Amino acid sequence: MQRNILDRILAQANDLKVLVVGDFFLDFYVLIDPEKDEVSLETGKTAFQAVDHYSSPGAAGTVVNNLTALGVGTIGALGVIGSDGFGFELRRHLEEQGVNMEHLIQCPTRLTPTYMKPLRGTGEASEEQNRIDFKNWTPLPRELEDQVIEALRAEAPKYHALIVADQVDQEGLGLVTERVRSALCQLGQDHPDLIILVDSRRNIGEYRHVAIKPNEFEAGRVLGLKTAAERPEESVRALSARTQRPVFLTVGDQGQWVCAEGEVRQIPAFPVAGPSISWARGTAPAPELCWAWLQGPRFGMRPCWAIWLLPSPLPNSGPQAPPAPLNWWHATSSGLSSGPRSNQGGSAMPVVAVDIGGTQYRLAVVSREGEILLHQRARTNREAGAKWLLPRLRAGLRELLAKGEHSPQAIGIGFGGPVDFASQTILASLHAPGWEEVDLCGELEREFALPCVIDNDANMGGLGEYTYGAGRGFGSILYYTVSTGVGGGVIIGGELFRGSHSQAGELGHIPIALDGPACTCGFRGCVEALCSGLAIARQAREAVEKGKTSSSLRTILEEKGGLTAKDVFDCTASGDALAQGILAKVKNAFARGLIGAINCFDPQAVVVGGGVGLAPGFLDGLEEQVNGSLVIPGRRKIPILRGSLGDNSVLLGAAALAFRTIGTY
Ligand SMILES: [Zn+2]
């Protein structure tokens, strides 16, 4: 992920409003110096000498901490704490974060739930002593319950989301009593668009009309299984059928199973080695999940997919834990190679790149620098389509990953056909049957437990040239791949421009000739209908058939019974006038398309690849012709460059997309 995109996402969180409801705890640390031990004159026992203390909000307070770290602009707290010193301390922390505490009720008869943790000794020799817990051992009084329920009903509609931290194990002793739980469920029913996400230690099965986030044991208890990890997909479906809302099931190193909008996906976790702690991405805590849920749709993602937006979750490991998960996210996203993810030292770990084209498919392991470390290629069977290819693709990936020396972190795919990027679904193949609505990424994620991302091959070709090839160093480029057809990719300010339906950048389907030849898209006179390899061959045949002049093209047609674009280029090079005329016409048509697209997007450069695009002579003279015909000619000069990656452009673009997805490019 690029820094500017990350900053944009974070900046946009500023207008989010989240209400945190539940048990606000204080973690209170006491530092004891063993060298200062004294003996009590009264009891004869050792009196520990505290030399310092510090504290941090816990439970629902941790949720607040994380929301603050994620840049959420408005955070409200709804809970009950005591009027004691711990309550004072807790409020001080929340006040520092600008939390709205109007409904954080302070009550003299309740204790502020506190874990007091005595640490004896300093540094590495420090040893945690018996913890002293301050809890309420009487049920929440009814009048407080009423106040909480009233505040819930009045406040909830003012927020985008509610996060409920139901942390107290004993029924009735914490904030979320049976009546409060009913009020929450009712709220969910009355406000179906309000996100209510509940994290509950023991009552997850009692909730309806709210989203829940159980772990495998909590979910297993509800469903009568030892652990939901045995049947995660069924489990999330069953729970979601009960709650009528999304379910996020965390299953240790399997990551997270999500059921949302009737669809189940596994969001794999992958281990991230930190300085002293190990985090697993995918098992996101509630604040991160809620944040992604709110932010995802702003970037055209659906909730379950938006989890990819997540930074690594915050570890629950005491006072030394970094205050914000964003620390390493910033580090890795700004291109530092020493982030926790690259725990083998050196540069970031590689990814797997896949290129699925019309005649062949290729798999590779690619380094962040764009070096192809391992590579496989095989021919496709067009007629047999998806059914034939999918098992071979998986076997190929298994083989590649079994080589084991590189530990790829993600899979990126460039696919020869339209892809709905937002839902990550293949819409169809341009070459083979059976690809309609195929969730290839979902399948690969489940099998290989690696994040997987897919886009159409022309976009990937463009991203490849932009990242590693001729487009490197430019902010905005137009990419053309001219071969059998004409594909395009538009990169603006470092990002692929995909449009509202993932179908932007079809530079080959700009109509340039009135009443021109029929195009594959169903329209007439498109760039593709005039400049593609097939179009060039067709024009050559037509010219020979109606032409009176002699031409070596005629000889070839008579000998081979057909003509290809390559024949036209070969004959042009050897001075054949008819071939030269055809090519000149094709280049004129291509120039028109370019002028239209450049006037439209005003890029810094154009990169042209593909078999025809890279054929000798195709780009000659085009740069002058095009630049002389732009709106306000002479004000700028747009270079028209040959692609430098050859047939690796899609593969390397897919790798670049995978690196972007996991935030290491
Ligand atoms: Zn067309």
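Model, not experiment: these values are computed from the prediction.

Along the protein chain, the regular secondary structure elements total 20 helices and 30 strands. The buried share of the protein chain, reckoned over its 665 residues, is 56%. With an accessible surface of roughly 28,200 Å², the protein chain has 51% of that area assigned to carbon and sulfur atoms.

Moving on, we come to the packing of aromatic side chains. Summed over the entire model, instances satisfying the criterion amount to eight aromatic pairs. Aromatic pair Phe 86 and Phe 134: ring centres 4.8 Å apart, planes at 65°, arrangement edge-to-face. With Phe 86 in helix α3 (residues 85–96) and Phe 134 in strand β10 (residues 132–134), this pair connects stretches of sequence that are 48 residues apart. Three or more aromatic residues joined by ring pairs make a cluster, and in this case those are Tyr 480, Phe 569, Phe 590 and Phe 618.

Among the nine residues that make up strand β2 (residues 24–32), eight are buried, leaving the element largely enclosed by the rest of the structure. Across nine bridges, the pairing between β2 and strand β5 (residues 50–59) is antiparallel. In the sheet register, Leu 26 faces β5, and the bridge partner there is Pro 57. Bridging between β2 and strand β8 (residues 114–120) involves seven bridges; their strand directions are parallel. Its bridge partner lying in β8, Ile 32 is registered against Arg 120.

With that settled, consider the environment of Tyr 159. As for its placement among the helices and strands, Tyr 159 is situated in the loop between α4 (142–155) and β11 (161–166). Residues Tyr 159 and Lys 17 lie 142 residues apart in sequence; the distance between their C-alpha atoms is 5.0 Å. Residues in contact with Tyr 159, not counting those within four places in the same chain, are Lys 17, Val 18, Leu 19, Thr 74, Gly 76, Asn 100 and Leu 194.

Where helix α6 (residues 216–223) meets helix α7 (residues 232–243), the axes come as close as 11 Å, and the angle between the chain directions of the two elements is 65°. What the angle tells us is that α6 and α7 run roughly perpendicular. Crossing of α6 over α7 shows left-handed handedness. From α6, Ala 219, Val 222 and Leu 223 reach across to α7, where they touch Ser 235, Ala 238, Leu 239 and Arg 242. Residue composition of the contact of α6 with α7, grouped by class: five nonpolar, one polar and one charged.

Below, the discussion takes up the environment of Pro 603. One can find Pro 603 in the loop between α18 (577–601) and β29 (605–609). By relative accessible area, Pro 603 is classed as buried at 4%. Between the alpha carbons of Pro 603 and Ser 476 there is a distance of 5.1 Å; along the sequence they are 127 residues apart. Sequence-distant contacts of Pro 603, that is, excluding residues within four places in its chain, are made with Ser 476, Ile 477, Leu 478, Ile 598 and Ile 638.

The next point concerns the side chain of Thr 661. Its place among the elements puts Thr 661 in helix α20 (residues 649–661). Only 2.7 Å separates the side chain of Thr 661 from the backbone oxygen of Leu 657, close enough to count as a polar contact.

A word on unusual backbone geometry. You will see that Ser 502, though not glycine, has its phi angle at about 65°, which is positive. With respect to the helices, strands and loops of the structure, Ser 502 is situated in the loop between β28 (495–496) and α14 (527–531). Classification of Ser 502 as buried rests on a relative accessible area of 8%. With a phi close to 50°, Ile 632 is a non-glycine residue in the positive phi region. Among the structural elements, Ile 632 can be located in the loop between α19 (622–627) and β30 (640–642). Classification of Ile 632 by relative accessible area gives exposed; the value is 55%.

One way to put it is that helix α11 (residues 385–402) packs onto helix α12 (residues 440–448) with a least axis distance of 12 Å and a crossing angle of 40°. Relative to α12, the element α11 is oriented oblique. For the pair α11 and α12, the sense of crossing is right-handed. Between α11 and α12, the residues in contact are Leu 390, Leu 393, Arg 394, Leu 397, Arg 398 and Leu 401 and Leu 440, Glu 443, Leu 444, Glu 447 and Phe 448, respectively. Residue composition of the contact of α11 with α12, by class: seven nonpolar, no polar and four charged.

What follows is about the confidence of the model for the protein chain. Per-residue confidence for the protein chain gives a mean pLDDT of 85, with 87% of residues at or over 70. Mean pLDDT across the secondary structure elements of the protein chain bottoms out at helix α10 (residues 326–333), with 27, and peaks at strand β26 (residues 477–482), with 98. Per-residue pLDDT stays below 50 along residues 270–283; that stretch engages in 45 contacts with residues further than four places along the chain or on separate chains. Counting interchain partners and residues more than four positions distant, the pLDDT-below-50 stretch residues 311–347 has 83 contacts.

The sheet built from five strands is open, its strands ordered β28-β27-β26-β29-β30 with mixed pairing. Here the strands that pair on one side only, and so sit at the sheet edges, are β28 and β30. The pairing of β26 with β29 spans five bridges and is parallel. Bridging across to β29, Ile 477 finds its partner in Ala 605.

This brings us to the coordination of the zinc ion. Surrounding the zinc ion are the protein donor atoms His 509 (ND1), Cys 519 (SG), Cys 521 (SG) and Cys 526 (SG), at 2.0 to 2.3 Å. Angles of 100 to 125° at the metal separate the four donor atoms of the zinc ion, which places the site in the tetrahedral class. Look at where the donors of the zinc ion fall in the sequence and you get H-x9-C-x1-C-x4-C. Owing to a relative accessible area of 10%, Cys 519 belongs among the buried residues under this scheme. Judged by relative accessible area, Cys 521 falls into the partly exposed class, the value being 44%.

What follows concerns the pattern of salt bridges. One pass over the full model with this rule turns up 28 salt bridges. Where Arg 202 meets Glu 171, a salt bridge forms, and the shortest distance between an N and an O atom there is 3.1 Å. Highlighted residues: Arg 202 in the loop between β12 (195–200) and β13 (211–212) and Glu 171 in the loop between β11 and α5 (178–190), separated in sequence by 31 residues. Assessed through its relative accessible area of 37%, Glu 171 is described here as partly exposed. Between Arg 398 and Glu 447 there is a salt bridge, with its nearest N and O atoms 2.6 Å apart. Taken together, the residues span a long stretch of sequence, with Arg 398 in helix α11 and Glu 447 in helix α12 at a distance of 49 residues. Assessed through its relative accessible area of 44%, Arg 398 is described here as partly exposed. Note on Glu 447: relative accessible area 31%, which makes it partly exposed. Three or more residues joined by partner-sharing salt bridges are found here, namely Arg 394, Arg 398, Glu 443 and Glu 447.

Calculation rules
- Residues numbered from 1 in each chain as written.
- Predicted model: local features only at pLDDT ≥ 70, side-chain atom pairs only at ≥ 80, totals over all residues.
- Heavy atoms only, no water.
- Helix = DSSP H or I, 4+ residues; strand = E, 2+ residues; numbered from the N terminus.
- Buried < 20%, exposed > 50% of the residue type's maximum accessible area, 1.4 Å probe, protein only.
- Areas by Shrake-Rupley, 256 points an atom, 1.4 Å probe, with all protein chains shown as cover.
- Phe/Tyr/Trp six-rings, centres within 6.5 Å; stacked < 30°, edge-to-face > 60°.
- Pairing = 2+ DSSP bridges.
- Contact = heavy atoms within 4.5 Å.
- Axes fitted to C-alpha atoms, helices over the stretch in contact; angles between N-to-C directions.
- Parallel < 35°, antiparallel > 145°, perpendicular 65-115°, else oblique.
- Left-handed = near helix turned anticlockwise from the far one by under 90°.
- Nonpolar A, V, L, I, M, F, W, Y, C, P; charged D, E, K, R; others polar.
- Polar contact = N/O pair within 3.5 Å; in protein donor to acceptor, adjacent residues only side chain to side chain.
- pLDDT = per-residue confidence, 0-100.
- Donors = N, O, S within 2.8 Å, 3.2 Å for Na, K, Ca; no water.
- Tetrahedral: all angles 85-135°; square planar, octahedral: opposite > 155°, others 65-115°.
- Salt bridge = Lys/Arg side-chain N within 4 Å of Asp/Glu carboxyl O.

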